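# Chains, contacts and geometry: an overview
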Amino acid sequence: MTSAEYLQIAFLLSKRANSKDIRPNPFVGAILVNQKGEIIAEGYHKKAGEAHAEVIAINNAKQKRDSLSDCTLYVTLEPCSHFGKTPPCTNLIIDHKIAKVVIGSLDPNPLVDGVQQLKDAGIDVEICLLPEIETFNSVFNINHRLKRPKYILKTATTLNGKIADRAGTSKWITNNSSRKYVHEILRSSVDAILTTAKTVIQDNANLNIRREGKEAEELSVIIIDRNLEILNNAQQQLALFYPRVHSKIYLVTDKKYEHDLPNHIEIIETVFTNGMYDTPSLNKILLSKNICEVLVEGGGKLNGAMINENQIDEINLFIAPSLLLDNQAINAFNWEELQLMDQKTNLKLIETKIIEQDVLLRYQLMH
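### Thoughts on the overall build of the chain
Of the regular secondary structure elements, the chain holds eleven helices and 18 strands. Across its three principal axes, the chain shows a C-alpha extent of roughly 70 × 45 × 45 Å. Every one of the 367 residues in the chain was classed for burial, and the buried ones make up 50%. Of the contacts made within the chain by residues no fewer than 6 positions apart, 71% connect residues no fewer than 24 positions apart. In the form shown here, the chain has an accessible surface area of approximately 18700 Å², with 49% of it arising from carbon and sulfur atoms.

This is the structure in structure tokens:
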């Protein structure tokens with residue numbers, strides 16, 4: 001078998017982890033192979049703060065043989081070389097005199113220099129980069145490279161790009177199966193939803209996760225609410241104020257709030273300029289709260305502003321087989337400043353999906 005084929009096995013192992021269990025860590029799988037090409041041990045990272053994939057694989061191998069000096073370690077991500085919640089994996093690899101390490105992707109964390117540490121210890125290192133591993137760890141990579149959560153924008157539109165009529169009514173543009181996809185695939189994988197107070201009040205949405213045959217699951221919500229409208233007495237009956245134990249409502253504002261709040265509501269103060277919050281400040285705060293991936297479910301203004309700020313990584317565009325022939329109906333993307341054709345945002349189509357009569361187009365934004 002080739003290095004890439006062994007790495008594919010380690011990659012499949014890494015996929016067994018639940019993304020929310022390993023936050024803020026990446027998906028990592030590892031296998032140990034002897035001189036005959038036989039896989040003698042395997043491991044994958046299961047939970048943040050617990051053993052890394054390499055450690056699990058090495059410990060499993062030690063139960064079967066005393067020496068690993070004739071083995072090759074295949075690992076999907078460059079082994080860590082610094083102390084975090086666990087000791088450096090490079091130390092364990094070096095201590096067991098593993099002959100060779102094959103790496104499927106490099107770690108974007110500047111604290112990690114595992115390749116050089118292993119080489120300095122006399123270990124043969126092969127870098128065999130597999131794009132699918134990089135893509136699968138996009139949340140981790142964006143967190144470190146761009147210093148912010150990964151933002152996935154979701155919007156549902158008519159064929160001519162309308163998300164609501166001029167009165168703000170949006171229920172329902174797409175079919176039930178598309179809405180089911182949003183809950184089971186999109187909302188279930190993220191740490192929070194980002195929206196605006198206007199959208200929350202207009203739609204009175206639960207903003208939780210609902211799967212067929214299961215009780216609704218909590219999901220944290222980040223609400224751009226400069227005037228703290230959500231805290232007005234008139235809004236206390238909103239559906240998103242369901243009992244929360246494992247999630248929070250974060251209100252982003254530049255106003256001071258002097259009154260006590262329940263534990264599940266938290267104010268995030270930031271500067272606003274021209275109606276837009278300070279993105280670097282909010283991003284830093286969200287990462288500190290282990291919010292690594294966010295689903296954007298707002299109106300046209302928020303969608304347009306975030307794309308203009310280069311904050312969106314992926315767009316999930318659900319298109320229904322309908323037309324709303326009203327120039328005053330609400331567009332999916334609004335931006336009031338002049339934008340010429342050579343300033344347009346270019347996208348890369350990564351998936352198309354037919355959901356009954358609806359079409360889902362997934363696009364990646366290039367940074």
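### Quick notes on the packing of aromatic side chains
With the rule as written, the count across this model stands at four aromatic pairs. Judged by centre distance (5.6 Å) and plane angle (85 degrees), the rings of Phe-11 and Phe-136 are edge-to-face. Taken together, the residues span a long stretch of sequence, with Phe-11 in helix α1 (residues 3-14) and Phe-136 in helix α6 (residues 131-136) at a distance of 125 residues. For Phe-136, a relative accessible area of 32% corresponds to the partly exposed category. Geometrically, the ring pair formed by Tyr-181 and Phe-318 is edge-to-face, given 5.9 Å between the ring centres and 65 degrees between the ring planes. Placement of Tyr-181 in helix α8 (residues 176-186) and of Phe-318 in strand β15 (residues 314-319) is noted, with a sequence separation of 137 residues between them. Phe-318 matches Tyr-181 in its accessibility class, with the two residues each being buried. Three or more aromatic residues joined by ring pairs make a cluster, and in this case those are Phe-11, Phe-27 and Phe-136.

### Brief notes about the sheet that holds strand β5 (residues 124-127)
Strand order in the open sheet made by the five strands is β2-β1-β3-β4-β5, with mixed pairing throughout. Every interior strand has two partners, whereas the edge strands, β2 (39-44) and β5, have only one. Shown here is a sheet whose adjacent strand axes are inclined to one another by a mean of 15 degrees, direction ignored. Where strand β3 (residues 72-75) lies against strand β4 (residues 100-103), four bridges are found, and the strand directions are parallel. Of the residues in β4, the one forming a bridge with Thr-72 is Lys-100. Across the sheet, α1 lies against β1 (29-33), β2, β3, β4 and β5, angled at about 135 degrees from β1, the strand it touches most.

### Remarks on α1
Its twelve residues give α1 an end-to-end C-alpha distance of 16 Å, which sits within 8% of 16 Å, the value for a rise of 1.5 Å per residue. Those residues of α1 that sit buried are Ser-3, Tyr-6, Leu-7, Ala-10, Phe-11, Leu-13 and Ser-14. Summarising the axial view, the buried residues of α1 lie within an arc of 155 degrees, below the 170-degree limit, and thus occupy one face. Where α1 is buried, its residues meet β1, β2, β3, β4, β5 and α6.

### Considerations on the sheet that holds strand β14 (residues 293-296)
Backbone hydrogen bonds are what pair the strands of a sheet, in a parallel or an antiparallel way. Here we have nine strands laid out as an open sheet, ordered β11-β10-β9-β8-β14-β6-β15-β18-β17, and mixed in their pairing. Edge strands, defined here as strands with exactly one partner in the open sheet, are β11 (265-269) and β17 (347-355). With direction set aside, neighbouring strand axes in the sheet form an average angle of 20 degrees. Where strand β9 (residues 220-224) and strand β10 (residues 249-253) come together, four bridges link them in parallel fashion. Bridging from a neighbouring strand, Val-221 pairs with Ile-249 of β10.

### Some details on α8
Looking only at α8, the buried set comprises Ser-178, Tyr-181, Val-182, His-183 and Leu-186. Summarising the contacts, the buried residues of α8 are in contact with β6 (150-157), β14, β15, β17 and β18 (358-365). Where α8 begins, the side chain of Asn-175 points an oxygen toward the backbone nitrogen of Ser-177, at a separation of 3.0 Å.

### Quick notes on a nonpolar patch on the surface
Taken together, the side chains of Leu-106, Ile-127 and Leu-129 present a nonpolar region at the surface, about 250 Å² in accessible area. Tracing the backbone shows Leu-106 in the loop between β4 and α5 (114-120).

### Remarks on the side chain of Asn-283
Mapped onto the fold, Asn-283 is located in helix α10 (residues 279-288). Given the relative accessible area of 3%, Asn-283 is considered buried. Here Asn-283 is in contact with Lys-147, Arg-148, Pro-149, Tyr-151 and Gln-311, once residues within four sequence places are set aside.

How each quantity is defined
- Residues numbered from 1 in each chain as written.
- Predicted model: local features only at pLDDT ≥ 70, side-chain atom pairs only at ≥ 80, totals over all residues.
- Heavy atoms only, no water.
- Helix = DSSP H or I, 4+ residues; strand = E, 2+ residues; numbered from the N terminus.
- Buried < 20%, exposed > 50% of the residue type's maximum accessible area, 1.4 Å probe, protein only.
- Contact = heavy atoms within 4.5 Å.
- Areas by Shrake-Rupley, 256 points an atom, 1.4 Å probe, with all protein chains shown as cover.
- Phe/Tyr/Trp six-rings, centres within 6.5 Å; stacked < 30°, edge-to-face > 60°.
- Pairing = 2+ DSSP bridges.
- Axes fitted to C-alpha atoms, helices over the stretch in contact; angles between N-to-C directions.
- Expected span 1.5 Å × (residues − 1).
- Arc of directions from axis to C-beta.
- Polar contact = N/O pair within 3.5 Å; in protein donor to acceptor, adjacent residues only side chain to side chain.
- Patch = residues over 30% accessible without salt bridge, like charges linked within 9 Å, V, L, I, M, F, W, Y side chains within 5 Å.
- Salt bridge = Lys/Arg side-chain N within 4 Å of Asp/Glu carboxyl O.

In short, geometric facts, not functional conclusions.
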